[in-house]
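# Breakdown of the fold
What follows is the residue order along each chain.
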Amino acid sequence: MRQNWTDGAAGWVANEAILDAVFAPVTAAILEQAAPVAGRRLLDVGCGTGTLLAKSAAAGAEVVGVDISEGMAAAARRRVPEATVLIADAQTEDLLAETSGAPFDRVVSRFGVMFFEDPEAAFANVRSAAAPGARLVFACWRSEEENPIFSLGSQILIDRLDPQPEPSAPDAPGPTAFADAGRTASMLAAAGWDSVKADALDFTCDYGIDGGDGVEERLATILNGGTGRLAKEQLLPRLGEEGWESLVDEVRAELRRHRVEGVVRFPGAVWIVTASNPA
Ligand SMILES: C[S@@+](CC[C@H](N)C(=O)[O-])C[C@H]1O[C@@H](n2cnc3c(N)ncnc32)[C@H](O)[C@@H]1O
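The following refers to the structure shown. Keep in mind that what you see is a predicted model, and the values were worked out from it rather than measured.

What follows deals with the sheet that holds strand β2 (residues 62-67). Reading across from one edge, β3-β2-β1-β4-β5-β7-β6 is the order of the seven strands in this open sheet, with mixed pairing throughout. Two strands in the sheet have a free side with no partner beyond their single neighbour: β3 (84-87) and β6 (194-206). With strand direction ignored, the average angle separating the axes of adjacent strands in the sheet is 15°. Both strand β5 (residues 130-141) and strand β7 (residues 265-276) contribute to a ladder of seven bridges, which runs antiparallel.

Printed below as a string of structure tokens:
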């Protein structure tokens, strides 16, 4: 997973503005629940390029991020100089030892917690850095079927892979590992978290940033993402430069066909999960 996110960091960083625009409703939902304000100490797990850190610091909170990827952490440090950003595995790292030592009042994450090998142990480890009564708030994807983000346009590339990727178990570490909210709730309870709740948030993934039709923005996120990188690595040598470009054009055409009122936009389905550390 560390290697995966080390390789993926450059693409995520390059697409930061697009992803922040597309995921803005998710960010807002997390911040509404977490209410970061002055005097609160907040930990962002899998902080990526630091979106939640930036917003929470702007609200006055003292912010710490942890990310397993050096590239992501470096981007977060550039974006939020006042944040402490640890390059570490949140599953096992002593998250207090490297910071000022005061336990966290808020633990948040936007799509950063579904990659744990052993989620129960990871959430217990994170809880050990949380103050009594601290609040946990994170967003995770619901099922692939409910989320065209995992297929619209990218399926054309996936279909050309040979061999085809092995289907993974629904709860295997990955973006939709926590699609089953019942399982997530049991796992958090087993890790010692209390009052666990998962609220469905339905929103629109809207790629029409700055008045454009969103085709190039969606294409950029596909090509810079895991599927796009794997497809290019495998298919460019096989198809040659021209063949690869014409395949990319097929993706572009598919995205154009699926525009809604002239814009690439589709439903997004996530859980906003909240829990408390027993007082
Ligand atoms: C989907 S990205 C989300 C990034 C960021 N939270 C955002 O919303 O833009 C997942 C992030 O989790 C980080 N990550 C994955 N496993 C991790 C772990 N065990 N410990 C810390 N960070 C992890 C990745 O490096 C990556 O930055």
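Further remarks concern the pairing of strand β4 (residues 104-110). Among the seven residues that make up β4, six are buried, leaving the element largely enclosed by the rest of the structure. Two strands pair when backbone bridges link them, and strand β1 (residues 41-45) and β4 are joined in this way by three bridges, in the parallel orientation. Of the residues in β4, the one forming a bridge with Leu43 is Val107. Judged from the six bridges that link them, β4 and β5 form a sheet pairing that is parallel. Note that in β5 the partner of Val108 across the bridge is Val137.

Moving on to the site of the ligand. Close to the ligand lie 18 residues, the nearest being Gly46, Asp67, Asp89, Ala90 and Arg110. In this structure, a nitrogen atom belonging to the ligand sits 2.7 Å away from a main-chain N or O atom of Gly46. Take Arg110: an N or O atom from its side chain is 2.6 Å from an oxygen atom of the ligand. Protein burial of the ligand: of its 590 Å² of free accessible surface, 97% is covered by the chains.

As enumerated under the stated definition, the model contains 14 salt bridges in all. With a shortest N-O distance of 2.9 Å, Asp202 and Arg142 are connected by a salt bridge. Pair noted here: Asp202 is in strand β6 and Arg142 is in the loop between β5 and α7 (154-160), with a separation of 60 residues, a long-range link. Exposure remark for Asp202: the relative accessible area of 55% places this residue in the exposed category. A salt bridge links Asp206 to Arg265; its shortest N-O distance comes to 3.5 Å. Of this pair, Asp206 sits in strand β6 while Arg265 is found in strand β7, placing the two residues 59 residues apart along the sequence. Overall, Asp206 belongs to the partly exposed group, its relative accessible area being 27%. Of the residues examined, Arg265 reaches a relative accessible area of 25% and is grouped as partly exposed. A single network of salt bridges, built from pairs that share partners, joins Glu16, Asp20, Arg79 and Arg110.

With that settled, the discussion passes to the nonpolar core. Most often, soluble globular proteins keep nonpolar side chains buried together rather than apart. Within the largest apolar cluster, 83 residues are counted, with the highest numbers of intra-cluster contacts made by Leu43, Val45, Met114, Phe123, Phe138, Phe178 and Trp193. Ranked by residues supplied to this core, first place goes to β5 with nine residues. For Met114, the contacting residues outside a window of four places in its chain are Ala139, Cys140, Trp141, Pro173, Gly174, Pro175, Ala177 and Phe178.

Right, let's get into the packing of aromatic side chains. When we look at a pair of aromatic rings, we describe it by the centre distance and by the angle of the planes. Here the structure, examined in full by the defined rule, presents nine aromatic pairs. Measuring from centroid to centroid gives 6.1 Å for Phe123 and Phe178, while their planes differ by 45°, and the two rings are tilted. Pair noted here: Phe123 is in helix α6 (residues 119-127) and Phe178 is in the loop between α7 and α8 (181-190), with a separation of 55 residues, a long-range link. As far as burial versus exposure is concerned, Phe123 and Phe178 are alike and both buried. Ring geometry for Phe138 versus Phe178: centroids 6.1 Å apart, planes at 55°, classification tilted. Of the two residues, Phe138 is situated in strand β5 and Phe178 in the loop between α7 and α8; the sequence distance between them amounts to 40 residues.

With that settled, the discussion passes to the environment of Leu53. Along the chain, the position of Leu53 falls in helix α4 (residues 51-58). In sequence terms Leu53 and Ile272 are 219 residues apart; their C-alpha atoms lie 18 Å from each other. Setting aside anything within four residues of it in sequence, one finds Leu53 in contact with Asp44, Cys47, Val63, Val64, Gly65, Ala76, Val80, Ala83 and Val85.

Under the definition given, this model contains zero disulfides. A disulfide-free cysteine, Cys47 has its sulfur positioned 18 Å from the sulfur of Cys140, the nearest such atom. No disulfide involves Cys205; its sulfur sits 14 Å from the nearest other cysteine sulfur, which is in Cys140.

Turning our eyes to something else, we now look at the side chain of Asp67. With respect to the element layout, Asp67 can be found in strand β2. The class for Asp67 is buried, based on a relative accessible area of 7%. Within the local environment of Asp67, its side chain forms a polar contact with the backbone nitrogen of Cys47, the two atoms lying 3.3 Å apart. Discounting chain neighbours no more than four positions away, the residues touching Asp67 are Gly46, Cys47, Gly48, Met72, Leu86, Ile87 and Ala88.

Parameters at a glance
Within any chain, residue numbers begin from 1 and follow the written order of that chain's sequence. It should be noted that, the model being predicted, local features are given only for residues of pLDDT at least 70 and side-chain atom pairs only at 80 or more, the latter also being counted only at that level, while totals for whole chains, interfaces and linings use all residues. To get the side-chain values, all heavy atoms of the structure are used, and hydrogens and water are removed first. We call two strands paired when DSSP finds no fewer than two bridges between them. The secondary structure listing takes helices from DSSP runs of H or I that are at least 4 residues long and strands from runs of E that are at least 2 residues long, numbered from the N terminus. For helices, the fitted line uses only the C-alpha atoms of the stretch in contact; every axis is such a line through C-alpha atoms, and the angle between N-to-C directions lies from 0 to 180 degrees. Three labels apply to residues, based on accessible area from a 1.4 Å probe with only protein chains included: buried if under 20% of the type maximum, exposed if over 50%, partly exposed otherwise in between. Working definition: residue near molecule or strand if any one of its non-hydrogen atoms lies within 4 Å of it. Contacts described as polar in this section are N or O atom pairs within 3.5 Å, which, within protein, must combine one atom able to donate a hydrogen with one able to accept it, while residues neighboring in sequence count only if both atoms come from side chains. Throughout, the Shrake-Rupley method with a 1.4 Å probe supplies accessible areas, and for residues the shown protein chains are the sole cover considered. Salt bridge criterion: a side-chain nitrogen from Lys or Arg within 4 Å of a carboxyl oxygen from Asp or Glu. We call a set of buried residues a nonpolar core when its members are Ala, Val, Leu, Ile, Met, Phe, Trp, Tyr or Cys and they connect through side-chain atoms within 4.5 Å of each other. Only heavy atoms matter for contacts: two residues are in contact if any of them lie within 4.5 Å across the pair. Note on aromatic pairs: the rings of Phe, Tyr and Trp (six-membered ring only in Trp) are paired at centre separations within 6.5 Å, and the planes decide the class, stacked below 30 degrees, edge-to-face beyond 60, tilted for the rest. Count a disulfide wherever a pair of cysteine sulfur atoms falls within 2.5 Å.

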